[in-house]
Amino acid sequence: ATEVSWRPAGGRCLAVGCNRGVCLWHIKTDMQQNSRTRHPLGYLDSSTEMIFLQCHGQVRSMSWSPCGRLLVVSVNKPSAPLLVWDVSLAVNTKLSSGLNKGVAHFLKWSPCGDYLLVATESGSFFIWETHNWTFQQWSFKHRMKDDVWIT
């Protein structure tokens, strides 16, 4: 596993990044007390399932939209497009404009979901507007390690 992230707004889906894509583990529970197997998430039944989202490369970073509908994924290949997955449909849209600055190593949505921060290893970073998927680019001399959105 290269990256792990719980889906927000529901919490019973775990995204696990790996060598060729993302495994989405949907953990189904039976909240009745008479179930045999007790787990911290509730009572697991046999219908826990995994869906694989193929990314054609090792997952470097991923981030859920605040509502949990979209999962953005970067792969560990220079200039590779970002993949914005609609996880309910298991389909992706590729975002490639401006990503010729290196591998996107840091992804983070704004709390409102209107913006996506994408930072590359070269020090360039992009703020994507997520309704029309347009972006603006900036550069630092150093690699970005974290951010804080102020609302």
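Above this note sits the structure.
Heads up: these notes are all about the structure in this document.

Calculation criteria
- Residues numbered from 1 in each chain as written.
- Predicted model: local features only at pLDDT ≥ 70, side-chain atom pairs only at ≥ 80, totals over all residues.
- Heavy atoms only, no water.
- Helix = DSSP H or I, 4+ residues; strand = E, 2+ residues; numbered from the N terminus.
- Buried < 20%, exposed > 50% of the residue type's maximum accessible area, 1.4 Å probe, protein only.
- Contact = heavy atoms within 4.5 Å.
- Areas by Shrake-Rupley, 256 points an atom, 1.4 Å probe, with all protein chains shown as cover.
- Polar contact = N/O pair within 3.5 Å; in protein donor to acceptor, adjacent residues only side chain to side chain.
- Pairing = 2+ DSSP bridges.
- Axes fitted to C-alpha atoms, helices over the stretch in contact; angles between N-to-C directions.
- Phe/Tyr/Trp six-rings, centres within 6.5 Å; stacked < 30°, edge-to-face > 60°.
- Salt bridge = Lys/Arg side-chain N within 4 Å of Asp/Glu carboxyl O.
- Core = buried A, V, L, I, M, F, W, Y, C linked by side-chain atoms within 4.5 Å.

1. Re the overall build of the chain
Working step 1: Scanning the chain for helices and strands turns up zero helices and 14 strands.
Working step 2: Counting helices and strands in the order they occur from the N terminus, the chain gives β-β-β-β-β-β-β-β-β-β-β-β-β-β.
Working step 3: Considering the chain as a whole, with its 151 residues, one finds that 42% of them fall into the buried category.
Working step 4: Considering only contacts in the chain between residues 6 or more positions apart, those separated by 24 or more positions represent 41%.
Working step 5: Surface summary for the chain: the accessible area is close to 8700 Å², and the carbon and sulfur share equals 51%.

2. Quick notes on the environment of S74
Working step 1: Its location among the elements puts S74 in strand β8 (residues 70–75).
Working step 2: Once residues within four sequence positions are removed from consideration, S74 is found in contact with Q58, V59, R60, S61, L82, A104 and L107.
Working step 3: Of the polar contacts made by the side chain of S74, one reaches the backbone oxygen of A104; its length is 2.6 Å.

3. Topic: the sheet that holds strand β2 (residues 13–17)
Working step 1: Taken in spatial order, the four strands of this open sheet run β1-β2-β3-β6, and their pairing is antiparallel. Every other strand in the sheet has two partners, leaving β1 (3–6) and β6 (49–54) as the edge strands with one partner each. When strand polarity is set aside, the average angle formed by the axes of neighbouring strands in this sheet is 20 degrees.
Working step 2: As paired strands, β1 and β2 are joined by four bridges and run antiparallel to one another. Its bridge partner being in β2, S5 is matched across the sheet by A15.

4. Looking at the packing of aromatic side chains
Working step 1: Summed over all chains, the structure comprises five aromatic pairs.
Working step 2: A ring pair is formed by F125 and W138, whose centres lie 5.6 Å apart and whose planes are at 20 degrees; its orientation type is stacked. Of this pair, F125 sits in strand β13 (residues 124–129) while W138 sits in strand β14 (residues 134–139); the two residues are 13 residues apart in sequence, bridging distant segments of the chain.
Working step 3: Classification of F125 as buried rests on a relative accessible area of 12%.
Working step 4: Here a set of aromatic residues connected by ring pairs shows up, and it is made of W109, F126, W128, W133 and F135.

5. What to know about the sheet that holds strand β10 (residues 91–95)
Working step 1: Spatial ordering of the open sheet is given by β7-β8-β9-β10, a layout of four strands whose pairing is antiparallel. Each edge of the open sheet carries a strand with a single partner, namely β7 (59–64) and β10. Between one strand axis and the next, the sheet turns by 25 degrees as a mean value, whatever way the strands run.
Working step 2: With five bridges joining them, strand β9 (residues 82–86) and β10 adopt antiparallel strand pairing. Within β10, the residue paired with W85 across the bridge is N92.

6. Let's talk about the pattern of salt bridges
Working step 1: Per the counting criterion, the structure on display carries one salt bridge.
Working step 2: Note that D86 is salt-bridged to R69, the shortest N-O span being 3.0 Å. Pair noted here: D86 is in strand β9 and R69 is in the loop between β7 and β8, with a separation of 17 residues, a long-range link.
Working step 3: With relative accessibility at 14%, the residue D86 sits in the buried group.

7. As for the nonpolar core
Side chains of a nonpolar character, in soluble globular proteins, are inclined to be buried together.
Working step 1: By size, the foremost hydrophobic cluster in this structure holds 16 residues, and its most contacted members are V22, L24, L71, V73 and W85.
Working step 2: For this core, the secondary-structure elements that each account for two or more residues are β2, β3 (21–26), β7, β8 and β9.
Working step 3: Every residue in contact with L71, bar those within four places of it in the chain, is listed here: A15, V22, L24, L53, M62, S63, W64, L83, V84, W85 and V87.
Working step 4: Residues V72, L107, L116 and F126 belong to the second largest nonpolar core, which totals 12 residues.

Any functional reading would require information beyond the geometric quantities listed.
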